[in-house]
Amino acid sequence: MNASGRCLCGAVTFTARDVERGLHVCHCSMCRRWTGGPSFSTHVGGVVFEGDEHIARFQSSDWAERGFCKRCGTSLFYRLVEPDQYILHMGSFDDPSFFSVESEIYVDGKPPGYEIGGEHPRLTEAEFLASLGGQGD
Ligand SMILES: [Zn+2]
Ligand SMILES: [Zn+2]
């Protein structure tokens, strides 16, 4: 399905297509620093942004960049550079009730003081990287 969303201040809005329902919760240290907690993100088939001039892109690794609103700081996306693949955050969608947790990753990086409930796969960093064939955050 298609879904719309925006940053906190509204300078950046987007429409994403082929939005997946399943959320991947990442506990890695980079996501925690970037979002203030674990990241809840989903794959989309593509996305069109309005207000592109307000988006800053930070290259967080050799293969990925992270985009955020220059005005309000909202964490908007994680993007794999090759192939060009956007992964968006649940929190910036207008209707987050569409989503549910499909897996947790980097569970060995999770601080001990909280848990995400429900029955779903919980992968360590090594397990997650093995599932990808080498690429991670
Ligand atoms: Zn903003
Ligand atoms: Zn992460």
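What counts and how
- Residues numbered from 1 in each chain as written.
- Chains lettered and ligands numbered in written order.
- Predicted model: local features only at pLDDT ≥ 70, side-chain atom pairs only at ≥ 80, totals over all residues.
- Helix = DSSP H or I, 4+ residues; strand = E, 2+ residues; numbered from the N terminus.
- Rg over C-alpha atoms; globule rule 2.2 N^0.38 Å.
- Contact = placed C-beta atoms within 7 Å.
- Pairing = 2+ DSSP bridges.
- Axes fitted to C-alpha atoms, helices over the stretch in contact; angles between N-to-C directions.

*Asks:* Mind laying out the overall build of the protein, listing which residues take part and the relevant values?
*Replies:* Looking only at helices and strands, the protein features two helices and eleven strands. Sequence-ordered secondary structure for the protein, helices as α and strands as β, is β-β-β-α-β-β-β-β-β-β-β-β-α. Relative to the 2.2 N^0.38 estimate, which gives 14 Å for 137 residues, the radius of gyration of the protein is 14 Å and therefore close to what a compact globule would have. Considering only C-alpha atoms, the protein reaches an extent of 35 × 35 × 30 Å along its principal axes. Sequence-distant contacts in the protein: of pairs separated by 6 or more residues, those separated by 24 or more amount to 50%.

*Asks:* Can you lay out the sheet that holds strand β1 (residues 3-6) for me, pointing to particular residues and giving the numbers?
*Replies:* Strand order in this open sheet of three strands is β1-β2-β5, and the pairing throughout is antiparallel. Sheet topology places β1 and β5 (46-50) at the edges, where each strand pairs with a single neighbour. In this sheet, neighbouring strand axes are inclined to one another by 20° on average, regardless of whether the strands run parallel or antiparallel. Taken together, the four bridges between β1 and strand β2 (residues 13-17) define a ladder with antiparallel strand orientation. Bridge assignment links Arg6 to a residue of β2, and that residue is Thr13.

*Asks:* Can you break down the environment of Glu115 residue by residue, with the values?
*Replies:* With respect to the element layout, Glu115 can be found in the loop between β10 (100-105) and β11 (122-123). A C-alpha to C-alpha distance of 33 Å links Glu115 and Glu82, two positions 33 residues apart in sequence.

*Asks:* Give a detailed account of the sheet that holds β11, specifying residues and quantitative values.
*Replies:* With mixed pairing, the eight strands of this open sheet are ordered in space as β6-β7-β8-β9-β4-β3-β10-β11. Here the strands that pair on one side only, and so sit at the sheet edges, are β6 (55-61) and β11.

Such coordinate-based values are descriptive only and should not be taken to indicate function.
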